Amino acid sequence: MKVALFSTKPYDRESFEAIDHTHEIDFFPQRLTEESVHLARGYPAVCAFANDVLGAPVIHALAEGGTEVLALRCAGCNHVDFDAVEETGLRVVNVPAYSPNAVAEHAVGLMQAVNRHLPRAVAQVRMGNYALHGLAGMDVIGKTVGVVGTGKIGTVFARILKQGFGAEVIAHDPYPNESCREMGIEYVSIENLFERSDIISLHCPLTEASHHLIDADAVARLKPGVLIVNTSRGAVIDTQAAIDGLKSGRIGGLGLDVYEHEGPLFFEDRSDELLTDDQFARLLAFQNVVITGHQAFLTREALDQIAKQTLENLTCIETGTACERELTPAT
Ligand code: NAI
């Protein structure tokens, strides 16, 4: 199948080229947007990533240009306009699980980076400052850790925290999961989780229900000094509410791999550009906020799995075999 692969980074190209396959891939560095969608004209398959713009205008332009399948090389599909998908008959496939460990382990890394002030400590040592004041953290053993969303990633995170760190793990999920229950994880209401947790880690998808799950009301309920880690989707947190919570001290630290308005920022070297996003600038100014640019998925194992699954999805579509990874508008 002829495929236009958008938002290509060197590591994407390497992982797709390392696999023996029959598809013909053209790699485009551009993000897929209304401005770049003309590049996809004539390609029966288009491969897109988490920050490509997949609203109605792009979906309609893809269908008009002859594209039949949109292969997402990510799990999240909150950026796809499924009404437009239904109208156009475009088929959408995704990679629902590439490495839950990759994301869960990164969340643990962010948690400890914030808890033990690692970016500040490393910068101080590099400057010859070996003073320890301001660097005290907390033992995680015995602390209450609230996991929001115990799907594939949340379950791995919960296991690491419970069995590795010896934390008391509580969780909130509209669909509780048996393996978490067997680990002795208690499911609680979201309000109860907010009130009890010393650390909260977000692992739910972005949906209408989870949009701004952490808003000003939620912040008012949080245990003072709570550490929050978000590797799910930026808009699960209302950024202004988080900034206010950090300023008041209600939130004691924030580890972010995703940011509400990351679209125009992440995945590119913008070190020569003026930062015009005032909320992001404010977050960067806090000593107790650690931000990575949506890299939680980025392990060699996950990249390999993403490429393999995407190519398999395309083969299924091409050969008319039922594709388990096909997303329907009701997904
Ligand atoms: P999953 O589908 O296996 O699990 C999600 C869980 O969240 C499900 O158990 C579901 O019932 C639960 N859930 C749904 N709405 C909820 C709500 N309002 N409150 C609490 N729980 C809710 O998904 P998986 O693979 O664990 O991924 C979770 C999220 O992580 C993805 O949706 C994606 O947004 C994000 N992600 C981030 C990556 C990164 O690089 N930062 C990479 C991969 C995924």
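Above this note sits the structure.
These numbers were taken from a predicted model, which means no experiment stands behind them. (Residues numbered from 1 in each chain as written. Predicted model: local features only at pLDDT ≥ 70, side-chain atom pairs only at ≥ 80, totals over all residues. Heavy atoms only, no water.)

Draft legend 1. Quick peek at the sheet that holds strand S1 (residues 2–5). Strand order across the open sheet formed by six strands is S2-S1-S3-S4-S5-S13, with mixed pairing between neighbours. Sheet topology places strand S2 (24–27) and strand S13 (326–327) at the edges, where each strand pairs with a single neighbour. (Pairing = 2+ DSSP bridges. Helix = DSSP H or I, 4+ residues; strand = E, 2+ residues; numbered from the N terminus.)

Draft legend 2. Helix H4 (residues 100–115), seen in detail. Look at H4: 22 Å from first C-alpha to last across 16 residues, which is about the 22 Å you get at 1.5 Å a residue. Buried residues dominate H4, accounting for 12 of its 16 residues. Where H4 is concerned, the buried positions are Ala102, Val103, Ala104, His106, Ala107, Val108, Leu110, Met111, Gln112, Ala113, Val114 and Asn115. One or two steps after H4, the chain reaches His117, where phi turns positive at roughly 55°. (Expected span 1.5 Å × (residues − 1). Buried < 20%, exposed > 50% of the residue type's maximum accessible area, 1.4 Å probe, protein only.)

Draft legend 3. Region of interest: empty space enclosed by the protein. Going through the model one piece at a time under the given rule, you end up with three cavities of 30 Å³ or more. For the largest cavity, the calculated volume is near 110 Å³. Lining the largest cavity are 14 residues, with Ser7, Lys9, Phe49, Phe267 and Glu268 sitting closest to its centre. Its residues placed into classes, the lining of the largest cavity shows five nonpolar, two polar and seven charged. Shared between two domains, the lining of the largest cavity holds at least three residues of each, these being domain 1 (2–98 + 300–327) and domain 2 (100–291). Taken as a whole, the second largest cavity holds about 50 Å³ of empty space. For the second largest cavity, the full set of lining residues is Asn230, Gly234, Ile237, Thr239, Ala242, Leu254, Leu256, Val258, Tyr259, Glu260 and Leu283. Mapped onto the lining of the second largest cavity, the elements with two or more residues apiece are helix H10 (239–248) and strand S11 (251–256). (1 Å grid on protein atoms, 1.4 Å probe; cavity = no way out; pocket = protein on both sides within 12 Å on 5 of 7 lines; lining within 4 Å. Points joined across faces, edges and corners; volume = space filled by probe spheres on them. Nonpolar A, V, L, I, M, F, W, Y, C, P; charged D, E, K, R; others polar. Domains from an automatic or database assignment.)

Draft legend 4. Summary view of the sheet that holds strand S9 (residues 199–202). The seven strands lie next to each other as S8-S7-S6-S9-S10-S11-S12, forming an open sheet whose pairing is parallel. Because the sheet does not close on itself, it has two edges, and the strands there are strand S8 (186–187) and strand S12 (289–291). Sheet topology note: the strand S6 (residues 144–148)/S9 ladder contains four bridges and is parallel. If you follow Val145 over to S9, its bridge partner there is Ile199. Those strands touched by helix H6 (residues 152–165) are S6, strand S7 (168–172) and S9, and its axis lies near 170° from that of S6. (Contact = heavy atoms within 4.5 Å. Axes fitted to C-alpha atoms, helices over the stretch in contact; angles between N-to-C directions.)

Draft legend 5. Representation of helix H12 (residues 300–319). The first and last C-alpha atoms of H12 sit 29 Å apart over 20 residues, in line with the 28 Å expected at 1.5 Å per residue. Looking at H12, one finds that the buried residues are Ala302, Leu303, Ile306, Ala307, Gln309, Thr310, Leu311, Asn313, Leu314, Cys316 and Ile317.

Draft legend 6. Layout of the layout of surface pockets. For the largest pocket, the calculated volume is near 1200 Å³. What lines the largest pocket is a set of 45 residues, among which Gly76, His203, Cys204, Pro205 and Leu206 lie closest to the centre. Broken down by secondary-structure element, the contributors of at least two residues to the lining of the largest pocket are H4 and H6. Among the elements that line the lining of the largest pocket, the one with the most residues is H6, at three residues.

Draft legend 7. Structural context of the pairing of S7. Alignment of S6 against S7, held across five bridges, turns out to be parallel. The residue of S7 that forms the bridge with Val148 is His172. The parallel pair S6 and S7 is bridged by H6, and the resulting crossover is right-handed. (Right-handed = clockwise from strand over helix to strand, strands pointing away.)

Draft legend 8. Local environment of the site of the ligand. Near the ligand there are 23 residues, and of these Lys152, Ile153, Asp173, Thr231 and Asp257 occur at the shortest range. One of the backbone nitrogen or oxygen atoms of Ile153 is found 2.8 Å away from an oxygen atom of the ligand. Phe297 places a main-chain nitrogen or oxygen 3.1 Å from an oxygen atom of the ligand. Burial of the ligand by the protein amounts to 85% of the accessible area it has alone, namely 870 Å². A majority-of-atoms criterion places the ligand in the largest pocket. Here the shell around the ligand is built from residues that sort into 10 nonpolar, nine polar and four charged. (Near = heavy atom within 4 Å. Polar contact = N/O pair within 3.5 Å; in protein donor to acceptor, adjacent residues only side chain to side chain. Areas by Shrake-Rupley, 256 points an atom, 1.4 Å probe, with all protein chains shown as cover. Sits in = over half its atoms within 2 Å of the grid points.)

Draft legend 9. Broad picture of the nonpolar core. Judged by nonpolar contacts, the single largest core of 33 residues is most densely connected at Leu32, Leu54, Leu62, Leu70 and Leu72. Of all hydrophobic cores here, the second largest spans 32 residues; its members include Phe194, Leu213, Leu246 and Leu265. (Core = buried A, V, L, I, M, F, W, Y, C linked by side-chain atoms within 4.5 Å.)

Draft legend 10. Structural detail: unusual backbone geometry. In this structure, Ser7 takes a positive phi of about 55° despite not being glycine. Positionally, Ser7 belongs in the loop between S1 and helix H1 (10–17). Note on Ser7: relative accessible area 11%, which makes it buried. For Phe267, which is not a glycine, the phi torsion comes out positive at approximately 75°.

Draft legend 11. Representation of the packing of aromatic side chains. Counted according to the given criterion, the structure contains six aromatic pairs. Each ring, one from Phe28 and one from Tyr43, has its centre 6.0 Å from the other, and the planes form 85°; the classification is edge-to-face. Taken as a pair, Phe28 in the loop between S2 and strand S3 (45–48) and Tyr43 in the loop between S2 and S3 lie far apart in primary sequence, 15 residues in all. Take Tyr43: its relative accessible area is 10%, and that puts it in the buried class. Relative to Phe297, the ring of Phe49 has its centre 5.3 Å away and its plane inclined at 55°; by these criteria the two rings are tilted. You can see Phe49 sitting in the loop between S3 and helix H2 (56–64) and its partner Phe297 sitting in the loop between S12 and H12, a full 248 residues away along the chain. Judged by its relative accessible area of 9%, Phe49 falls in the buried class. Judged by its relative accessible area of 5%, Phe297 is buried. Ring pairing ties together the aromatic residues Phe6, Phe28 and Tyr43, which thus form one cluster. The ring of Phe286 carries Arg282 above its face, with NZ or CZ at 4.1 Å from the centroid. (Phe/Tyr/Trp six-rings, centres within 6.5 Å; stacked < 30°, edge-to-face > 60°. Lys NZ or Arg CZ within 6 Å of the ring centre and 35° of its normal.)

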